[in-house]
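# Analysis of the macromolecular model
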Amino acid sequence: MPNETSSNPQSARHIVIAANPRAGRGRAGQRVAALVARLDEAGYPTTVCDNPAAAADEARRHLAAGSLRAVVAAGGDGTAAGLVNSMPPETHLGILPRE
């Protein structure tokens, strides 16, 4: 059962995506657009940032406000590592895999 007092409460809806549009020979940008569309349909607002540092800053802002649901890395291993190394351990992290 989720812990509602954690920094990612179940009611939090915002998803921050760190996207490297050059990853996967440019296909990452298309995959991120598809992900954002699906999240929007499901009622999850998103913010897409083009680098891990900007995504981490945006995620921290939403985390402090209690609205952060998760952070998603969409790019190569550098994008994922940048997020892992800059987010608090209690942050929910997803990785959008290559095709």
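From a predicted model like this one, the values you see are computed outputs, not experimental measurements. (Residues numbered from 1 in each chain as written. Predicted model: local features only at pLDDT ≥ 70, side-chain atom pairs only at ≥ 80, totals over all residues. Heavy atoms only, no water.)

Before going further, it helps to examine the overall build of the protein. Counting secondary structure elements, the protein contains 3 helices and 4 strands. From first element to last, N terminus to C terminus, the protein shows the α and β order β-α-β-α-β-α-β. Buried positions account for 33% of the 99 residues belonging to the protein. Carbon and sulfur atoms make up 53% of the accessible area of the protein, which amounts to about 5,800 Å² in all. (Helix = DSSP H or I, 4+ residues; strand = E, 2+ residues; numbered from the N terminus. Buried < 20%, exposed > 50% of the residue type's maximum accessible area, 1.4 Å probe, protein only. Areas by Shrake-Rupley, 256 points an atom, 1.4 Å probe, with all protein chains shown as cover.)

Ranked by internal contacts, the top residues of the largest apolar core, which has 13 residues, are Val16, Ala55, Ala59, Leu68, Val71, Leu83 and Met87. Counting residues per element, the ones that place at least two in this core are strand S1 (14-19), helix H2 (52-65), strand S3 (68-74) and helix H3 (77-84). Counting residues per element, this core draws most heavily on H2, at 4 residues. The next biggest cluster of nonpolar side chains, apart from the first, holds 9 residues, and it includes Ile17, Ala19, Ala70 and Ala74. (Core = buried A, V, L, I, M, F, W, Y, C linked by side-chain atoms within 4.5 Å.)

Let us now look at the confidence of the model for the protein. Averaged over all residues, the pLDDT of the protein equals 86, while 88% of them reach at least 70. Within the model, the stretch residues 1-6 combines pLDDT values under 50 with 4 contacts to residues more than four positions away or in other chains. (pLDDT = per-residue confidence, 0-100. Contact = heavy atoms within 4.5 Å.)

Attention now goes to the pairing of S1. For a regular strand, side chains alternate in direction, first toward one face of the sheet and then toward the other. Taken across its 6 residues, S1 has 6 buried, putting it largely inside the fold. Where S1 and S3 come together, 6 bridges link them in parallel fashion. Within the sheet, the bridge partner assigned to isoleucine 15 lies in S3 and is alanine 70. (Pairing = 2+ DSSP bridges.)

So, on to the sheet that holds S3. Taken together, 4 strands build an open sheet; the order of strands is S2-S1-S3-S4 and the sheet is parallel. One side of each edge strand has no neighbouring strand; the edge strands of this open sheet are strand S2 (46-49) and strand S4 (93-95). Looking at each pair of strands side by side, their axes are set apart by 20 degrees on average, direction ignored. For S1 and S2, the ladder comprises 4 bridges, and the chain directions are parallel. (Axes fitted to C-alpha atoms, helices over the stretch in contact; angles between N-to-C directions.)

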